[in-house]
Amino acid sequence: MTENDIPRMIDMVFDLDGGTLPAAYPFALWAELIRLVPQLAEDKSVGVLPLRGTGSNEGLLLPKRAKLVMRLPAILAELAASRLTGQQLEIAGNTVRLGAAKTRHIQSYPTIHAQLVTGTSDEVLFVEDIKKQMGELGVTGKLICGRRLAIKGGQESIQGYSLVLHDLKAEASLQLQYLGLGEDRQFGCGIFIPYKVISGLSED
């Protein structure tokens, strides 16, 4: 598979005004997004990047300049911006508001990481499966498997590992950022972003 075979993806970045969200916010957040833009659920390549914030006993505390970032095909960008800008989202009893939106182009980096890539709880089998997925995409690179992580909310549960991929060629980096690895992109899984420092991690 080459870059030309892949629909062009971009990041749509929204200002986000809110307070604290529960740790299992990804499920409720996605439900609100597809309530407002049902077309998002029709494209499996659409993803929502994990929100950045400070973890606490109450959940995830959003900073004052929080951002909601969606990775989606460029052809959906205008629709998403028009339907979501200024909207109020109810997330597990917490209210957040989406502000102005802007697009951000995805650039190639030799080292990228994902907060959580879904897969088996067995780390050896997980790494083998990731290598298989990369082979199916026709990309090569080295990987570092990080902590085992889980997102749990009600009857829903997702598990996997954090993952760093490095020594990537430009085309491979873009493919992996466009397509991701594993499942559940709508809940923030398998979405890669630039990662500048890999010191302190051990390679498997």
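Residues numbered from 1 in each chain as written. Predicted model: local features only at pLDDT ≥ 70, side-chain atom pairs only at ≥ 80, totals over all residues. Heavy atoms only, no water.

### Thoughts on the pattern of salt bridges
It is possible for side chains of opposite charge to pair when their charged atoms get near one another.
Right, so step 1: One pass over the structure, following the stated rule, counts five salt bridges.
Right, so step 2: The closest approach of N and O atoms between Arg71 and Asp11, which form a salt bridge, is 2.7 Å. Here Arg71, found in strand S6 (residues 66–73), pairs with Asp11, found in strand S1 (residues 9–17); they are 60 residues apart in sequence, far enough to count as distant.
Right, so step 3: Between Asp15 and Lys67 there is a salt bridge; the shortest N-O distance is 2.3 Å. On the criterion of sequence distance, the pair formed by Asp15 in strand S1 and Lys67 in strand S6 is long-range, its members being 52 residues apart.
Right, so step 4: Since its relative accessible area comes to 38%, Lys67 is described here as partly exposed.
Right, so step 5: Where salt bridges share partners, they join Asp11, Arg71 and Arg104 into one cluster. (Salt bridge = Lys/Arg side-chain N within 4 Å of Asp/Glu carboxyl O. Helix = DSSP H or I, 4+ residues; strand = E, 2+ residues; numbered from the N terminus. Buried < 20%, exposed > 50% of the residue type's maximum accessible area, 1.4 Å probe, protein only.)

### Concerning the sheet that holds strand S7 (residues 88–91)
Right, so step 1: On the basis of which strands lie adjacent, the open sheet formed by five strands has the order S3-S6-S1-S8-S7 and antiparallel pairing. In this open sheet, the two edge strands, each paired with only one partner strand, are strand S3 (47–48) and S7.
Right, so step 2: Note: S3 against S6, two bridges, orientation antiparallel. Residue pairing across strands places Gly47 opposite Arg71, the latter belonging to S6.
Right, so step 3: Seen against the sheet, helix H1 (residues 25–36) touches S3, S6 and S7 and runs at an angle of roughly 145° to S7. (Pairing = 2+ DSSP bridges. Contact = heavy atoms within 4.5 Å. Axes fitted to C-alpha atoms, helices over the stretch in contact; angles between N-to-C directions.)

### Structural notes on the layout of surface pockets
Right, so step 1: Estimates place the volume of the largest pocket at around 680 Å³.
Right, so step 2: Forming the walls of the largest pocket are 33 residues, and the residues nearest its centre are Pro50, Gln115, Leu116, Arg147 and Leu149.
Right, so step 3: With seven residues, strand S10 (residues 142–153) is the largest single contributor of residues to the lining of the largest pocket.
Right, so step 4: Taken together, the residues of the lining of the largest pocket break down into 21 nonpolar, nine polar and three charged. (1 Å grid on protein atoms, 1.4 Å probe; cavity = no way out; pocket = protein on both sides within 12 Å on 5 of 7 lines; lining within 4 Å. Points joined across faces, edges and corners; volume = space filled by probe spheres on them. Nonpolar A, V, L, I, M, F, W, Y, C, P; charged D, E, K, R; others polar.)

### Considering the sheet that holds strand S9 (residues 112–118)
Right, so step 1: Taking strand neighbours across the sheet as the criterion, the four strands line up as S10-S11-S9-S12 in an open arrangement whose pairing is antiparallel. A strand with exactly one partner marks an edge of an open sheet, and here the two such strands are S10 and strand S12 (193–194).
Right, so step 2: Of the pairings in the sheet, the one linking S10 to strand S11 (residues 156–166) comprises 10 bridges and is antiparallel in character. Directly across from Lys142, in S11, lies its bridge partner His166.
Right, so step 3: Against the sheet, H1 makes contact with S10 and S11, and its axis sits at roughly 80° relative to S10, the strand it touches most.

### Focus on the nonpolar core
Right, so step 1: The biggest cluster of nonpolar side chains holds 38 residues, and the ones touching the most others in it are Leu33, Leu68 and Leu84.
Right, so step 2: Those elements giving two or more residues to this core turn out to be S1, H1, S6, helix H2 (77–84), S7, strand S8 (94–105) and S10.
Right, so step 3: With six residues, H1 is the largest single contributor of residues to this core.
Right, so step 4: Within the second largest apolar cluster, 19 residues are counted, among which are Val127, Ile130, Leu137 and Leu165. (Core = buried A, V, L, I, M, F, W, Y, C linked by side-chain atoms within 4.5 Å.)

### Focus on the state of the cysteines
Right, so step 1: A complete count under the given rule lists zero disulfides for this structure.
Right, so step 2: There is no disulfide at Cys145, and the cysteine sulfur nearest it, in Cys189, is 14 Å away. (Disulfide = S-S within 2.5 Å.)

### Some points on H2
Given 3.6 residues per turn, any residue in an α-helix points the same way as the ones three and four places further on.
Right, so step 1: Turning to H2, its buried residues are Ala77, Ala80, Ala81 and Leu84. Projected onto a plane normal to the axis of H2, the buried residues spread over an arc of 95° and lie on a single side. Opposite the buried face of H2, at more than 90 degrees from it, the exposed residues are Glu78 and Ser82.
Right, so step 2: Immediately downstream of H2, the backbone of Gly86 shows phi near 85°, a positive value. (Arc of directions from axis to C-beta.)

### A look at a negative patch on the surface
Right, so step 1: Together, Asp122, Glu123, Glu128, Asp129 and Glu136 make up a negatively charged patch on the protein surface.
Right, so step 2: Its place among the elements puts Glu128 in helix H3 (residues 123–137).
Right, so step 3: A relative accessible area of 48% means that Glu128 is categorised as partly exposed. (Patch = residues over 30% accessible without salt bridge, like charges linked within 9 Å, V, L, I, M, F, W, Y side chains within 5 Å. Areas by Shrake-Rupley, 256 points an atom, 1.4 Å probe, with all protein chains shown as cover. Lys, Arg positive; Asp, Glu negative; His and termini not counted. Charge placed at Lys NZ, Arg CZ, Asp CG, Glu CD.)

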